[in-house]
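Working through the structure, step by step
Each chain, letter by letter, is given below.
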Amino acid sequence: MGLFLLKRFLTLVATLAGASVVVFLVLEILPGNAAQVLMGPDAAPEAVAALSSQLGLDQPALQRYLQWVGGLVGGDLGNSYAYGTPVQELVLERLALTVPLAVLAMLLATVLAIAAGLYAAARHNRWGDVGVMGLAQLGIAVPNFWFAILLILLFSVKLQWFSAGGFPGWTEASGGGPAQALQALLLPAIALAVVQAAILARITRSAVLDVLREDFVRTARAKGLSQRAALWGHVLRNAMIPVVTVMGLQFANLLAGTIVVENVFYLPGLGRLIFQSIANRDLIVVRNCVLLLAAMVIVVNFVVDLLYAAIDPRVKANGL
């Protein structure tokens, strides 16, 4: 087990290091000058050069990269060019919305997908199976931002059950509270969860059907175990490895997918911060936020590897 964890941890560190290099180089080759954007197109060249020097933009790329990585290791993400505040404060403030939104969407997608996948597999090639897979195919085809607009039209404009946008905050001091905050996140979470639930339902159905054909399932049924008990007690756990793999990738997609949905619902999350920072040419914020999203993806994959070992002891035993 120790060797398995060590291999996965070293892979995690190496991948994070590679991601930091890629993120820095990609943003480095973008055209434009942050100082010019901040001062406007009519600013004097001397003033732009002075601001570039103040922001450290005139330093060599390697020096700026090492300073950035050193700051990340030390917990200093620098200051935003546009907001004039520490990037760490901006990111933590926005993560308080984005992470709960992604977690809520993932929970909704998982519950719907596993229930739908098991239902379809238990009724293989019957009307229940055809109906669930037809709805899943429709869910995959619908863009989440378009579905988000439909949800606003129905539940906010027509029925007026939910607000069309905005976020009241998690505390009463900010004008909201836990109940109001969850209510504001429910429609965005549904918009994010639909596509992911449709994909996961198809994966769950296929994995369950594969396990249902195994000899141990037929033996369990021959001993008198009901179909429901066999599905939940034996089949589901053995079918979870491909499902967990997709769930890990989906959670990463949900974090990235919030960029669009947060703008549709006007939510002050990490996605909207990235969108605004790109418009303001605030590269230090963009760089840290993109690396944070990449790190989340990498960490989620690391957790998925650990779940492999918990679900299937053969993975841990083989040291894969």
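Quick caveat: nothing in here was measured; it's all calculated off a predicted structure.

1. Examining the confidence of the model for the protein
Chain-level pLDDT for the protein is 78 on average; 80% of the residues reach the 70-or-more range. Here helix 14 (residues 313-318) is the element of the protein with the lowest mean pLDDT, 54, and helix 5 (residues 87-122) is the one with the highest, 87.

2. Comments concerning helix 5
Residues separated by three or four positions in an α-helix point in the same direction, a consequence of the helix having 3.6 residues per turn. Compared with an ideal rise of 1.5 Å per residue, which puts 36 residues at 52 Å, helix 5 spans 50 Å between its outermost C-alpha atoms and is within 8% of the ideal. Largest kink in helix 5: about 40°, centred on L95.

3. Here we look at the UniProt feature "transmembrane region" (unreviewed entry) in the protein
Here, the residues flagged by UniProt with the feature "transmembrane region" (unreviewed entry) are residues 99-122, 134-161, 181-203 and 290-311. What you have in residues 134-161 is 82% helix and 0% strand, and the ends, taken at the C-alpha atoms, are 29 Å apart. Secondary structure across residues 181-203 divides into 100% helix and 0% strand, with the first and last C-alpha atoms of the span separated by 32 Å.

4. Some thoughts on the packing of helix 5 against helix 8 (residues 178-212)
In contact at an axis separation of 5 Å, helix 5 and helix 8 are set at 35° when each is read in the N-to-C sense. At the point where helix 5 passes helix 8, the crossing takes the right-handed sense. A class-by-class count of the residues in the contact of helix 5 with helix 8 yields 27 nonpolar, 4 polar and 1 charged.

5. As for a nonpolar patch on the surface
There is a patch of nonpolar side chains on the surface, built from F145, W146, I149, L150, L153, V157 and V260 and spanning about 610 Å² of accessible area. Counting residues per element, the nonpolar patch draws most heavily on helix 7 (residues 144-158), at 6 residues. Considering the arrangement of structural elements, one finds F145 in helix 7.

6. Looking at the packing of aromatic side chains
Inspection of every chain in the model, using the stated rule, returns 5 aromatic pairs. Ring centres 6.2 Å apart and planes at 65° place the aromatic pair Y65 and W68 in the edge-to-face group. With a gap of 3 residues between them, Y65 and W68 both fall in helix 4 (residues 61-74), about one helical turn apart. The two residues Y65 and W68 agree in class, both being buried. Three or more aromatic residues link up through ring pairs in this structure, and these residues are F24, Y65 and W68.

7. Focus: the side chain of S156
Take S156: it is sitting in helix 7. Judged by relative accessible area, S156 falls into the buried class, the value being 10%. From its side chain, S156 meets the backbone oxygen of F162 in a polar contact 3.2 Å long. Excluding residues within four positions of it along the chain, S156 makes contact with L151, F162, S163, A164 and L187.

8. A closer look at unusual backbone geometry
A positive phi angle, close to 60°, is found at Q160, a residue other than glycine. Note on placement: Q160 falls in the loop between helix 7 and helix 8. Taking relative accessible area as the criterion, Q160 reaches 62% and is therefore assigned exposed. A positive phi angle is found at Y266, which is not glycine, with a value near 55°. Note that Y266 resides in the loop between helix 11 (240-264) and helix 12 (270-279). Take Y266: its relative accessible area is 55%, and that puts it in the exposed class.

9. Quick word on the packing of helix 7 against helix 8
For the pair helix 7 and helix 8, interaxial distance at closest approach is 9 Å and the crossing angle is 140°. Viewed along their axes, helix 7 and helix 8 adopt a mutual orientation that is oblique. Here helix 7 and helix 8 pass one another in a crossing that is right-handed. Residues N144, F147, A148, L151, F155 and S156 of helix 7 pack against L187, I190, A191, L192, V194 and V195 of helix 8.

10. Side note on the side chain of R272
For R272, the position within the fold is in helix 12. As a buried residue without a salt bridge, R272 has its nearest oppositely charged side chain in E262, at a separation of 7.5 Å.

11. Some thoughts on helix 6 (residues 127-141)
Compared with the 21 Å implied by 1.5 Å per residue over 15 residues, the 21 Å span of helix 6 between its first and last C-alpha is a close match. Where helix 6 is concerned, the buried positions are G128, D129, V132, M133, A136 and G139. For helix 6, the angular spread of the buried residues around the axis is 120°, confining them to a single face. Seen from the open side of helix 6, the exposed residues pointing more than 90 degrees away from its buried face are W127, L138 and A141. Lining the buried residues of helix 6 we find helix 5 and helix 8.

Cut-offs used in this document
Residues numbered from 1 in each chain as written. Predicted model: local features only at pLDDT ≥ 70, side-chain atom pairs only at ≥ 80, totals over all residues. Heavy atoms only, no water. pLDDT = per-residue confidence, 0-100. Helix = DSSP H or I, 4+ residues; strand = E, 2+ residues; numbered from the N terminus. Expected span 1.5 Å × (residues − 1). Bend = angle between axes of the 7 residues up to and from the residue. UniProt positions renumbered as here; feature names shortened; annotations may be inferred. Axes fitted to C-alpha atoms, helices over the stretch in contact; angles between N-to-C directions. Left-handed = near helix turned anticlockwise from the far one by under 90°. Nonpolar A, V, L, I, M, F, W, Y, C, P; charged D, E, K, R; others polar. Patch = residues over 30% accessible without salt bridge, like charges linked within 9 Å, V, L, I, M, F, W, Y side chains within 5 Å. Areas by Shrake-Rupley, 256 points an atom, 1.4 Å probe, with all protein chains shown as cover. Salt bridge = Lys/Arg side-chain N within 4 Å of Asp/Glu carboxyl O. Phe/Tyr/Trp six-rings, centres within 6.5 Å; stacked < 30°, edge-to-face > 60°. Buried < 20%, exposed > 50% of the residue type's maximum accessible area, 1.4 Å probe, protein only. Polar contact = N/O pair within 3.5 Å; in protein donor to acceptor, adjacent residues only side chain to side chain. Contact = heavy atoms within 4.5 Å. Parallel < 35°, antiparallel > 145°, perpendicular 65-115°, else oblique. Lys, Arg positive; Asp, Glu negative; His and termini not counted. Arc of directions from axis to C-beta.

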